[in-house]
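Given next are the chains, with one letter for each unit.
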Amino acid sequence: MSKDLTILAIESSCDDTSAAVLVNRSVISNVIANQSVHQKFGGVVPELASRAHQANIVPVVDAALKEANIGIMNVDAIAYTQGPGLMGSLLVGSAFAKSLALAARCPLIPVHHMQAHVMAHYIDDSKMKTPRGPFLCLTVSGGHTQIVRVEGPLQFDLLGETIDDAAGEAFDKAAKILELSYPGGPLIDRYAQKGNPEAYLFSKPSVDGLNFSFSGLKTSILYFIRDMEKKEPGFREKHLNDICASIQKSIIDILMDKIERAAVQTGITHVAIAGGVSANTGLRKALENRSSRLGWEVYIPSFQYCTDNAGMIGIVGHYAFEKGLLGDLNQRSQARMDW
Ligand code: KG4
Ligand code: ZN
């Protein structure tokens, strides 16, 4: 029997500091410190994010090791987020991971954050099915919206992506127009559950191929709210549930139409969602509905692996280690990173 593989993973690409310990494909601990400091600014303030990562990184890594009951000398490799993300945030995680790897004399594994969102589907979790064959992954986060063709662990091709705003950004910007706090996605989701998704109609983009666009929708929401507030002061608060339900439906329709097009083009009928927006209850339901209509096999991640977490960094670390894809101390953090 082969020896267990133990990975310590560190994620610090945006505004959550996270550390996880994986033994083989199982996540033994996954500690996340959210940064509430950004709420009152309506978005992530990069300088404040880096400072909060500095305050959080030692206690978060310490807690992940303690919770897993594993000493640093028993870790086989340290995986960390190399990019893409906010440079100051990435630097805190990478400098810490490199120092710890040097001190503990263990290998380092740099991880692509967006690939990690997709790879979360290979975590061994009783609430999730592990994909067997090729599948399409709709990865929807605060900074990216992508359709990825996945042949197997660490074998993927990018088929399409947004040409402007990301889906999560569309949720967050719409929430800002509605004077809701950051991050707005979960709030829109909550209000939408009590509203009528057909109440208002917003413009739909027409973008070729498998790419997305969300900036037109944002403008259409902005003008609609501005005009309605002129006609009926207090419109925003009075009809918040219906507005949120209609906005959410528009975003979901754009996403679902493209993933259906990708399924038709590739002939692949196994479809997954990943990233922060995959926590959206409406999107999860829409995927289930389309799967029963079109006979798809769907993969929906557990909530803890939707938004940023180190568990997903660790599963990339696991497969990279097995394939001998190790990094070194010279690798630099990358705010933008090729697929
Ligand atoms: O993947 P993630 O945690 O971070 C990035 O890599 O960007 O995604 C964060 C995004 C934010 O835009 C947030 O508003 C959105 O995910 N989000 C949601 C929900 N939960 C998080 N959007 C819609 N509905 C949700 N329930
Ligand atoms: Zn993310």
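Let us look at the structure shown here. (Residues numbered from 1 in each chain as written. Chains lettered and ligands numbered in written order. Predicted model: local features only at pLDDT ≥ 70, side-chain atom pairs only at ≥ 80, totals over all residues. Heavy atoms only, no water.)

### Examining helix H1 (residues 46–68)
Line of reasoning, step 1. Its 23 residues give H1 an end-to-end C-alpha distance of 31 Å, which sits within 8% of 33 Å, the value for a rise of 1.5 Å per residue.
Line of reasoning, step 2. In the structure, H1 departs most strongly from a straight axis at Asn 56, where the bend amounts to approximately 45 degrees and where the proline Pro 59 lies between one and four residues downstream.
Line of reasoning, step 3. Where H1 is buried, its residues touch strand S1 (6–11), strand S2 (16–23), strand S3 (26–34) and helix H2 (87–104). (Helix = DSSP H or I, 4+ residues; strand = E, 2+ residues; numbered from the N terminus. Expected span 1.5 Å × (residues − 1). Bend = angle between axes of the 7 residues up to and from the residue. Contact = heavy atoms within 4.5 Å.)

### A closer look at the pattern of salt bridges
Line of reasoning, step 1. Taken as a whole, this structure holds 17 salt bridges when the rule is applied.
Line of reasoning, step 2. Here Lys 129 makes a salt bridge to Glu 297, at a shortest N to O gap of 2.7 Å. With Lys 129 in the loop between helix H3 (113–119) and strand S6 (135–140) and Glu 297 in strand S10 (residues 297–299), this residue pair connects regions lying 168 residues apart in the sequence.
Line of reasoning, step 3. Residue classification places Lys 129 among the partly exposed residues on the basis of a relative accessible area of 42%.
Line of reasoning, step 4. Taking the shortest distance from any N to any O, the salt bridge between Arg 236 and Glu 229 comes out at 3.8 Å. (Salt bridge = Lys/Arg side-chain N within 4 Å of Asp/Glu carboxyl O. Buried < 20%, exposed > 50% of the residue type's maximum accessible area, 1.4 Å probe, protein only.)

### What to know about the sheet that holds S10
Line of reasoning, step 1. Taken together, the five strands give an open sheet; going across it, the order is S8-S7-S6-S9-S10, and neighbouring strands pair in mixed fashion. Since the sheet does not close on itself, it has two edges, and those belong to strand S8 (155–161) and S10, each with one partner. The mean angle between the axes of side-by-side strands here comes to 25 degrees, regardless of whether they run parallel or antiparallel.
Line of reasoning, step 2. Summarising the sheet, strand S9 (residues 270–274) and S10 pair through three bridges and their orientation is parallel. Residue His 270 lies in a different strand from S10, and its bridge partner there is Glu 297.
Line of reasoning, step 3. Contacting S6, S9 and S10, helix H9 (residues 281–294) crosses the sheet at an angle of about 180 degrees to S9. (Pairing = 2+ DSSP bridges. Axes fitted to C-alpha atoms, helices over the stretch in contact; angles between N-to-C directions.)

### Digging into the coordination of the zinc ion (ligand 2)
Line of reasoning, step 1. Taken together, His 113 (NE2), His 117 (NE2) and Asp 308 (OD) make up the protein donors of the zinc ion (ligand 2), found 2.0 to 2.1 Å from the metal.
Line of reasoning, step 2. Mapped onto the sequence, the residues coordinating the zinc ion (ligand 2) show the spacing H-x3-H-x190-D. Linking His 117 in helix H3 with Asp 308 in the loop between S10 and helix H10 (310–322), this pair joins segments that are 191 residues apart in sequence. This pair shows no difference in class: His 117 is buried, exactly as Asp 308 is. (Donors = N, O, S within 2.8 Å, 3.2 Å for Na, K, Ca; no water.)

### Focus: the nonpolar core
Line of reasoning, step 1. Counting residues in hydrophobic clusters, the biggest one holds 48 residues, and the most contacted among them are Phe 214, Ile 251 and Leu 255.
Line of reasoning, step 2. Residue assignment for this core shows that the elements contributing at least two residues are S6, helix H4 (167–177), helix H5 (184–192), helix H6 (215–231), helix H8 (240–266), S9 and H9.
Line of reasoning, step 3. Per-element tally for this core: the top contributor is H8, with 13 residues.
Line of reasoning, step 4. With 34 residues, the next largest nonpolar core counts Leu 5, Tyr 122, Ile 315 and Val 316 among its residues. (Core = buried A, V, L, I, M, F, W, Y, C linked by side-chain atoms within 4.5 Å.)

### Points about the site of ligand 1
Line of reasoning, step 1. In the vicinity of ligand 1, 19 residues are found, and the nearest of them are Gly 142, Asp 172, Asp 189, Asn 280 and Asp 308.
Line of reasoning, step 2. Taking Asp 172, its side chain carries an N or O atom lying 2.6 Å from an oxygen atom of ligand 1.
Line of reasoning, step 3. For ligand 1, an oxygen atom lies 3.2 Å from a polar atom in the backbone of Gly 185.
Line of reasoning, step 4. Within the complex, the protein chains bury 89% of what would otherwise be the 550 Å² of accessible surface of ligand 1.
Line of reasoning, step 5. Under a 2 Å grid-point criterion requiring more than half of the atoms, the pocket assigned to ligand 1 is the largest pocket.
Line of reasoning, step 6. Listing elements by their share of the shell around ligand 1, those giving two or more residues are H3, H4 and H5.
Line of reasoning, step 7. Looking at the shell around ligand 1 residue by residue, the classes come out as five nonpolar, eleven polar and three charged. (Near = heavy atom within 4 Å. Polar contact = N/O pair within 3.5 Å; in protein donor to acceptor, adjacent residues only side chain to side chain. Areas by Shrake-Rupley, 256 points an atom, 1.4 Å probe, with all protein chains shown as cover. 1 Å grid on protein atoms, 1.4 Å probe; cavity = no way out; pocket = protein on both sides within 12 Å on 5 of 7 lines; lining within 4 Å. Sits in = over half its atoms within 2 Å of the grid points. Nonpolar A, V, L, I, M, F, W, Y, C, P; charged D, E, K, R; others polar.)

### Structural notes on the pairing of S8
Every regular strand shows the same layout, with side chains that alternate between the two sheet faces.
Line of reasoning, step 1. Sheet topology places strand S7 (residues 145–152) next to S8; six bridges connect them, and they run antiparallel. Bridged to Gly 152 within S8 is Gln 155.
Line of reasoning, step 2. In textbook terms, the turn of a hairpin is the stretch between consecutive antiparallel strands, and for S7 and S8 this stretch comprises two residues, one of which, Leu 154, has a positive phi near 60 degrees.

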